[in-house]
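Analysis of the macromolecular model
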Amino acid sequence: MTHHFCPSQLSLDPLGPDWDCPLGSKDLEEDEGPWGGGSGLPPPGCFPGSWRQDVGLDCKGSLEGAEARAWTVYGYSLLQSCLQQAGLPETQDRSQVPRTGNMLLCLSPAWLTKVPAPGQPGEAVLLVSKAVSFHPGGLTFLDDFVPPRRATYFLAGLGLGPGRGREAAELARDLTCPTGASAELARLLEDRLLTRRLLAQQGGVAVPATLAFTYKPPALLRGGEASPGLRLVELSGKEGQETLVKEEVGAFLHSGALGDALQVAVKLSGWRWRGRQALRVYPRVELGAVADTVLALLEKLEEEESVLVEAVCPPARLPFPGSPPPGPELAVRICAVVCRTQGDRPLLSKVVCSVGREDRPLRHQSSLPQTLEVALARCGLGEPGQVAAVRQRVKAGAEAALAAVLALEAGLSAEQRGGRRARTDFLGVDFALTVEGRALTPVALELNGGPCLEACGALEGLWAAQRPRSAAEEAAAAPLVETMLRRSAHYLMEGKQLLLIGAGGVSKKFVWEAARRYGLKLHLVESDPNHFASQLVQTFIHFDVTEHRRDEENARSLAELVRARGLQLDGCFSYWDDCLVLTALLCQELGLPCSPPAAMRLAKQKSRTQLHLLRCHGPPWPAPSLHAVPCCPLESEADVEKAVHQVPLPGVMKLEFGAGAVGVRLVEDAPQCHEHFSRIARDLQGEADHPGIGLGWGNAMLLMEFVEGTEHDVDLVLFGGRLLAAFVSDNGPTRLPGFTETAACMPTGLAPEQEAQLVQAAFRCCLGCGLLDGVFNVELKLTGAGPKLIEINPRMGGFYLRDWILELYGVDLLLAAAMVACGLRPALPTHPRARGHLVGVMCLVSQHPQVLSSTASRETLQALHDQGLLRLNLLEEILVPGQYEEPYCSVACAGESPAEARLRLLGLCQGLGIDGPHYPVAHFLSHFK
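Below, the structure is looked at part by part.

Basis of the calculations
- Residues numbered from 1 in each chain as written.
- Predicted model: local features only at pLDDT ≥ 70, side-chain atom pairs only at ≥ 80, totals over all residues.
- Heavy atoms only, no water.
- Salt bridge = Lys/Arg side-chain N within 4 Å of Asp/Glu carboxyl O.
- Helix = DSSP H or I, 4+ residues; strand = E, 2+ residues; numbered from the N terminus.
- Buried < 20%, exposed > 50% of the residue type's maximum accessible area, 1.4 Å probe, protein only.
- Axes fitted to C-alpha atoms, helices over the stretch in contact; angles between N-to-C directions.
- Parallel < 35°, antiparallel > 145°, perpendicular 65-115°, else oblique.
- Contact = heavy atoms within 4.5 Å.
- Nonpolar A, V, L, I, M, F, W, Y, C, P; charged D, E, K, R; others polar.
- Polar contact = N/O pair within 3.5 Å; in protein donor to acceptor, adjacent residues only side chain to side chain.
- Pairing = 2+ DSSP bridges.

So, on to the pattern of salt bridges. Tallied over the full model, the rule gives 36 salt bridges. For the salt bridge of Arg196 with Glu310, the shortest nitrogen-to-oxygen distance reads 2.4 Å. In this pair, Arg196 sits in helix α4 (residues 192-203) while Glu310 sits in strand β12 (residues 305-311), placing the two residues 114 residues apart along the sequence. Exposure remark for Glu310: the relative accessible area of 3% places this residue in the buried category. Across the salt bridge formed by Lys654 and Glu791, the nearest N and O atoms sit 3.2 Å from each other. Pair noted here: Lys654 is in strand β22 (residues 651-655) and Glu791 is in strand β29 (residues 786-793), with a separation of 137 residues, a long-range link. Classification of Lys654 as buried rests on a relative accessible area of 5%.

Rendered as structure tokens:
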């Protein structure tokens with residue numbers, strides 16, 4: 001996967017225009033530099049530092065003129081300066097031996113080429129011939145690509161140097177790959193009048209009171225409801241408007257909409273004027289001067305542009321304790337970066353501030369970036385409660401702003417967006433902090449696509465070379481990068497042909513909707529000829545896959561069926577326990593990527609897993625044997641008698657190939673072992689006795705030592721034996737003696753060291769079994785001596801796990817499994833940030849027979865889910881009690897903290913009747929305190 005940036009993601013703009021600020025006026029929110037591009041050579045002067053100058057910046061077959069070449073050299077020098085200041089190595093010129101990488105920085109439009117996309121009229125594929133690639137440890141390389149590499153995501157900077165913004169915009173237009181910006185979308189964000197009305201109407205975000213005079217306004221501004229504090233006056237012409245302007249200005253200056261504002265600013269609004277205009281600030285009482293300035297600016301208007309008269313928000317002031325500080329009053333400008341995440345949901349990434357004198361311009365590149373806490377403290381707002389309140393209001397305002405922009409974009413045509421796949425993936429929102437009704441209120445001044453992200457990068461760079469970052473100092477671009485990777489993955493997988501072995505039950509219904517959304521072409525092999533999914537796939541192959549003693553023969557037969565049907569497959573996978581070994585054998589027959597069948601067999605048979613790992617003593621160390629648990633396989637009564645003398649009791653008896661905790665039991669002595677073995681041998685003899693839990697392999701059992709500790713799931717994504725991602729969840733106390741799952745919490749509440757122990761234990765156990773490629777679910781207990789393995793499920797985690805991980809981390813394990821099956825490495829965030837906390841509880845037919853038919857019926861739970869009050873994962877279709885039951889459903893609540901989610905869930909369970917003396921939910925949630 002290749003991702004591209006045009007270089008205006010770096011800070012290449014000059015510091016800004018000349019300022020025209022008469023009468024001691026000031027500008028508190030104007031942009032820096034000609035963001036829309038200008039003309040001429042880059043700023044003179046060199047960057048301080050020492051690096052090689054004789055690097056090959058020319059691209060074969062695409063020569064640059066002197067001016068364009070100067071900008072490319074400027075961009076390369078700036079990159080080296082940034083790397084040097086961050087304490088990272090200089091870029092190595094590896095043009096002759098290109099490296100591969102996911103993130104590519106193109107410093108020149110000449111390094112990129114658009115070619116028509118076959119079969120997609122009007123769209124183009126973007127190819128990269130030269131780029132700077134980025135690698136772990138801060139390494140960068142200058143690479144040439146022969147043949148050129150195809151871009152799978154493109155983020156263009158639209159304001160770099162003379163004409164570069166236009167070139168970048170043209171490169172971004174109408175691409176087949178996802179695009180994170182376009183000139184068309186940028187123009188919408190640059191129109192302050194449009195964005196202010198959008199924020200006020202749809203986002204409910206506070207904006208400055210504004211009077212706008214517009215000449216032939218854009219279609220998006222015509223009609224619609226009036227917005228509080230925003231007055232739009234549509235002019236019939238640019239001349240002869242003196243009387244109207246003076247009346248409107250007078251009414252505005254005397255209106256209550258201005259609140260406590262003592263000054264107003266007059267400015268031009270529109271794409272042409274971004275950062276290139278003279279802004280004038282006047283006392284509110286100077287009606288004549290304001291009106292005269294409006295009339296003078298009207299002469300400069302073109303169609304779809306406006307003259308704005310707006311309130312200058314008075315800075316928030318609180319008295320310092322003791323004597324007041326000497327010197328001028330200080331003002332703070334708050335800059336927030338918000339990113340579009342999974343499900344098109346906005347997420348605040350980082351907040352950075354500027355502090356300066358109230359009577360001088362306060363702009364991004366001419367003020368030192370500071371954290372919110374430091375900036376507010378300098379202005380006398382240091383009380384932690386105040387800071388938390390401001391942060392929460394900034395978060396709400398910034399996320400509402402992006403939500404409003406995304407809603408606007410959803411209604412635009414592909415042409416209006418600049419391409420079918422053009423979207424806004426991140427947004428900078430500038431706020432002034434003022435006081436409204438005795439409350440500290442962030443007022444949104446403008447939206448931007450780059451300066452706020454640059455300001456966050458500058459703040460992060462202050463300590464980049466001095467010390468490692470803590471979690472709180474994570475890069476502002478991290479959620480943006482996750483979105484890039486996600487959209488890139490969707491693009492790569494669109495149209496992929498995948499053979500799926502086993503459809504699963506109602507708990508896997510999400511697969512079919514996800515496949516449609518990702519554009520996957522599924523071909524299904526399934527035992528049930530009437531399965532509902534048979535109508536949802538490209539090809540349905542009815543084949544009995546339940547007799548696992550014939551898996552090798554079945555794999556050969558299925559391979560012949562696939563060839564006979566002419567299926568051109570990119571991959572083959574399964575998420576259904578029963579079909580995992582067959583899938584590995586079939587992949588081997590078809591020459592498709594998968595973990596080896598021997599590894600799948602080893603992981604699928606529980607006693608073999610433990611006994612094999614017990615022999616893995618290393619090196620390297622710590623070895624998998626540290627996590628394995630003594631056990632004995634049981635195929636006869638004689639095996640039981642032998643096992644009780646070898647395995648310390650109490651122990652756990654379970655089916656060798658079982659799933660869903662069916663048939664698992666705590667046994668405390670030899671008579672209980674014999675009794676449970678006889679019961680399983682009698683009740684669960686074959687597939688018909690309990691479909692889908694692995695009885696097609698027989699009903700052999702094992703006895704393993706019972707270990708004390710808390711239970712946890714670790715869901716892993718592995719590719720080529722490398723760990724790409726891991727997600728840890730905590731389980732509540734199981735219902736003994738049957739070990740049925742009761743409750744769960746994600747993300748884990750464990751200390752980071754314990755979480756790391758679990759992840760490494762799961763990873764090493766998978767590697768020890770030979771599982772190198774796939775998505776795996778590993779169940780462990782955390783004991784006083786460290787993690788101990790319960791079992792490996794060599795497939796995607798079941799029950800609610802895929803849904804929760806997608807909700808909290810934006811990572812879809814189903815898509816990751818499909819990518820690995822196609823031989824594609826999923827580009828996943830190494831340390832993904834959870835967007836909150838989920839705490840859930842299982843409902844069982846045996847424990848809730850009346851409740852699940854009344855107060856907590858499927859319809860009631862679904863309605864609560866649709867309202868966002870809980871998360872429902874339905875695991876069974878019908879309410880059928882039985883001795884060997886699996887959970888009917890999982891219900892969960894979200895919260896900003898585990899405590900909040902836990903209290904919501906407990907209240908919900910009490911209200912619905914799920915909680916009770918027979919099923920004490922408070923006890924099941926007690927592990928999560």
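Structure's up, so let's keep going.
Looking now at the packing of helix α16 (residues 606-614) against helix α19 (residues 752-769). Packing of α16 against α19 brings their axes to within 10 Å, and their N-to-C directions diverge by 95°. Classified by the angle between their axes, α16 and α19 sit roughly perpendicular to one another. Together, Thr609, His612 and Leu613 of α16 and Cys765, Gly768 and Cys769 of α19 make up the contact between the two elements. For the contact of α16 with α19, the residue count by class is three nonpolar, three polar and no charged.

Quick look at the side chain of Glu446 now. Mapping Glu446 onto the fold places it in strand β16 (residues 439-448). Of the polar contacts made by the side chain of Glu446, one reaches the side chain of Arg333; its length is 3.4 Å.

So, on to the sheet that holds strand β30 (residues 837-843). Strand order in the open sheet made by the eight strands is β29-β28-β25-β26-β27-β30-β32-β31, with antiparallel pairing throughout. A single partner strand is all that each edge strand has here, and the edge strands are β29 and β31 (871-874). Strand-to-strand twist in this sheet, taken as the mean axis angle between neighbours without regard to direction, amounts to 25°. For strand β28 (residues 774-783) and β29, the ladder comprises seven bridges, and the chain directions are antiparallel. Bridge pairing in β29 places Glu779 opposite Glu791.

Now for the pairing of strand β25 (residues 710-719). By the criterion of burial, β25 is predominantly enclosed, with nine of the 10 residues buried. Bridge analysis of β25 against β28 gives nine bridges, and the strand direction is antiparallel. Residue pairing in the sheet places Glu711 in a bridge with Lys781 of β28. Between β25 and strand β26 (residues 722-731), which follow one another and run antiparallel, lie two residues, and Gly720 among them has a positive phi close to 60°.

By the criterion of burial, strand β8 (residues 210-215) is predominantly enclosed, with six of the six residues buried. Judged by which residues are buried, β8 turns out to be covered on both faces: Thr210, Ala212 and Thr214 on one side and Leu211, Phe213 and Tyr215 on the other are all buried. The sheet contact formed by β8 and strand β9 (residues 230-235) spans six bridges and is parallel. Directly across from Leu211, in β9, lies its bridge partner Arg231. Two elements, β8 and β12, share six bridges in a ladder whose sense is antiparallel. Looking at β12, one finds that Thr210 is bridged to Glu310.

Spatial relationships are all this shows, so hold off on functional conclusions.
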